[in-house]
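# Understanding the architecture of this molecule
One letter stands for each residue in the lines below.
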Amino acid sequence: MAKLQCHAGGGGHSLDLTYQWFHENTETPLASPSGPHHTIHSARLADAGQYWCQTKRGRDLSMLSHPVRLCITEVPVPRAELQTGWSEVFPSETVEMNCSIGAGPDRWTYTWYRGGQEVQRPADGLKLITSWADVFPTEKVELSCRVEGSSAWTYEWYRGGQKMEVGEDGSILSIVASTSGHAGRYTCRGRHRSRSVTTDNSDGLTLDVYEVPVPRAELQTGWSEVFPSETVEMNCSIGAGPDRWTYTWYRGGQEVQRPADGGTYWCTATRGHRNRPFTTRPSPVQKLSVSDIPKPSLKLITSWADVFPTEKVELSCRVEGSSAWTYEWYRGGQKMEVGEDGSILSIVASTSGHAGRYTCRGRHRSRSVTTDNSDRLTLNVYGESMVASGFY
């Protein structure tokens, strides 16, 4: 920002004075402002040059002021120079770099950046090569340590702050078969091959070694006894956390695609590479019973199946040993309307219209299962009541 000020003669500032500003010529005043100050908020090269001002009271104009020259130059670009004899340096080595604008008094302060950040010591990158940092006994783990873009380093490894013995250049830490003793927090650092320079420690990586997990086999349907044609769903899972496992089902010791028939089932979980997979112990067994759909029993409760008009008849329909069913009744193959759960069919006063062959079947209260029809029972309704006769 540049700010110019115009001073009126005689001291002070009169409210009836206005001001005119000129740039590069005295013929055409600038459109604004009309006050004693001319401010350029965002200076450009075009704003450079000579400026004049002039006061005006009514029709009277003062003489032009002496010109003031405004100089605007391009933003300078500093120069960074390495004063030492090499361009690759490390902490503990003496290094000197110089940043300067050029000739003239140096009234600048300087800030250094590398990749947008202040210069740091070289940092190691600790990375997990294998798939997981949460492993199980016998699983393989590999970690790498690298100073990116340089082969001038060997590496040291630490677990829980204690130095570990590693071979070769130490860039790869390989645990062939994990045990609980391998759990802990790992860090690494680089040591220069030819100079007495050591990097800072890498960020830490925590390796967890868990007990061999046991998956859980669970029946997702609400019952362990199913009927033919019903859908069965079982689930095998390890528990909390990301599920990176594949599961295998077994029935009676044989691998199966999915649970379907009755029997004893269990499952295992596997993860890892094909050449070295890790498989859990078998889950506890889950029993699945597949039973034939029961056939209801149709029984005569009252005494006779051959009755006369007005006689009462009661029939029952039951799946023995289960209260999970409601019942439907049919006479001559036609469905009848019955109340409640349908287990009792009551005819209060027989008529000839009640005669026929009766069957029933059960419908499960909570599942889409229907029994076969019961055996048939024939009800005969004769034309007239028997009349007793006697001798007097």
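See the structure shown above.
All figures in this text were calculated on a predicted structure; none of them were measured in a lab. For every chain, the first residue of the written sequence is number 1, and numbering continues from 1 along that sequence. The predicted origin of the model limits local features to residues at a pLDDT of at least 70 and limits the giving and counting of side-chain atom pairs to 80 or more, whereas totals for whole chains, interfaces and linings rest on all residues. Each side-chain value is derived from all of the structure's non-hydrogen atoms; neither hydrogens nor water enter the calculation.

## Things to note about the overall build of the chain
- Labels follow the DSSP assignment, with helices taken as runs of H or I lasting at least four residues and strands as runs of E lasting at least two, numbered in each case from the N terminus. Looking only at helices and strands, one finds zero helices and 32 strands in the chain.
- When a residue's accessible area, from a 1.4 Å probe over protein chains only, is under 20% of the maximum for its type it is buried; when over 50% it is exposed; and in between it is partly exposed. By residue count, 31% of the 392 residues in the chain fall in the buried class.
- Residues count as neighbours in contact if any of their non-hydrogen atoms are within 4.5 Å of one another. Here the contacts in the chain between residues at least 6 apart in sequence split such that 56% fall between residues at least 24 apart.
- Of the accessible surface of the chain, which amounts to about 25,800 Å², a share of 48% is contributed by carbon and sulfur atoms. Note on areas: Shrake-Rupley with a 1.4 Å probe; residue coverage comes only from the protein chains shown.

## Points about the sheet that holds strand E31 (residues 356–364)
- If you trace the five strands from one edge of the open sheet to the other, you get E26-E32-E31-E28-E29, paired in mixed fashion. Of all strands in the sheet, those with a lone pairing partner are strand E26 (306–307) and strand E29 (334–336), marking the two edges.
- As judged from the seven bridges shared by strand E28 (residues 325–331) and E31, these two strands associate in the antiparallel manner. Paired with Tyr-327 across the bridge in E31 is Gly-362. Whether two strands pair depends on DSSP finding at least two bridges between them.

## Topic: the packing of aromatic side chains
- The criterion for an aromatic pair is that two Phe, Tyr or Trp rings (for Trp, the six-membered ring) have centres within 6.5 Å, with stacked assigned to planes under 30 degrees apart, edge-to-face to planes over 60 apart and tilted to the rest. If you walk through the whole model with that rule in mind, you get seven aromatic pairs.
- For the ring pair Trp-245 and Phe-278, a centre distance of 6.3 Å and an interplane angle of 55° mean the geometry is tilted. Of this pair, Trp-245 sits in the loop between strand E19 (234–237) and strand E20 (246–251) while Phe-278 sits in strand E23 (residues 278–279), and the two are 33 residues apart along the sequence. Across the pair, Phe-278 and Trp-245 agree in class, each one buried.
- Put simply, a charge is over a ring when the Lys NZ or the Arg CZ is close to the ring centre, within 6 Å, and near the line of the ring normal, within 35 degrees. Here Arg-271 stacks its cationic end above the ring of Trp-132, 3.8 Å away from the centre of that ring.

## Focus on a nonpolar patch on the surface
- Together, Leu-82, Met-97 and Trp-112 make up an exposed nonpolar region whose accessible area comes to about 250 Å².
- Looking at the secondary structure, you find Met-97 in strand E8 (residues 97–100).
- Overall, the relative accessible area of 43% leaves Met-97 in the partly exposed class. For patch detection, residues must exceed 30% relative accessible area and be free of salt bridges, and they are connected within 9 Å for like charges or within 5 Å for nonpolar side chains (Val, Leu, Ile, Met, Phe, Trp, Tyr). Each salt bridge in this description consists of a side-chain nitrogen of Lys or Arg and a carboxyl oxygen of Asp or Glu lying within 4 Å of one another.

## Here's the deal with the environment of Ile-175
- Considering the arrangement of structural elements, one finds Ile-175 in strand E14 (residues 172–175).
- Between the C-alpha atom of Ile-175 and that of Val-141, which follows or precedes it by 34 residues, the distance is 5.0 Å.
- Those residues within four positions of Ile-175 in sequence are excluded, and the remaining contacts are Glu-139, Lys-140, Val-141, His-182, Tyr-186 and Leu-207.

## As for the pattern of salt bridges
- Inspection of every chain in the model, using the stated rule, returns 15 salt bridges.
- Between Lys-163 and Glu-156 there is a salt bridge, and its shortest N-O distance comes to 3.8 Å.
- For Lys-163, a relative accessible area of 53% puts it in the exposed group.
- Residue classification places Glu-156 among the buried positions, given a relative accessible area of 10%.
- The salt bridge partner of Glu-328 is Arg-361, with a shortest N-O separation of 2.9 Å. Of this pair, Glu-328 sits in strand E28 while Arg-361 sits in strand E31, placing them 33 residues apart in sequence.
- Taking the relative accessible area as the measure of exposure, Arg-361 reaches 23% and is therefore partly exposed.
- Through salt bridges with shared partners, a single network forms among Glu-156, Lys-163, Arg-189 and Arg-191.

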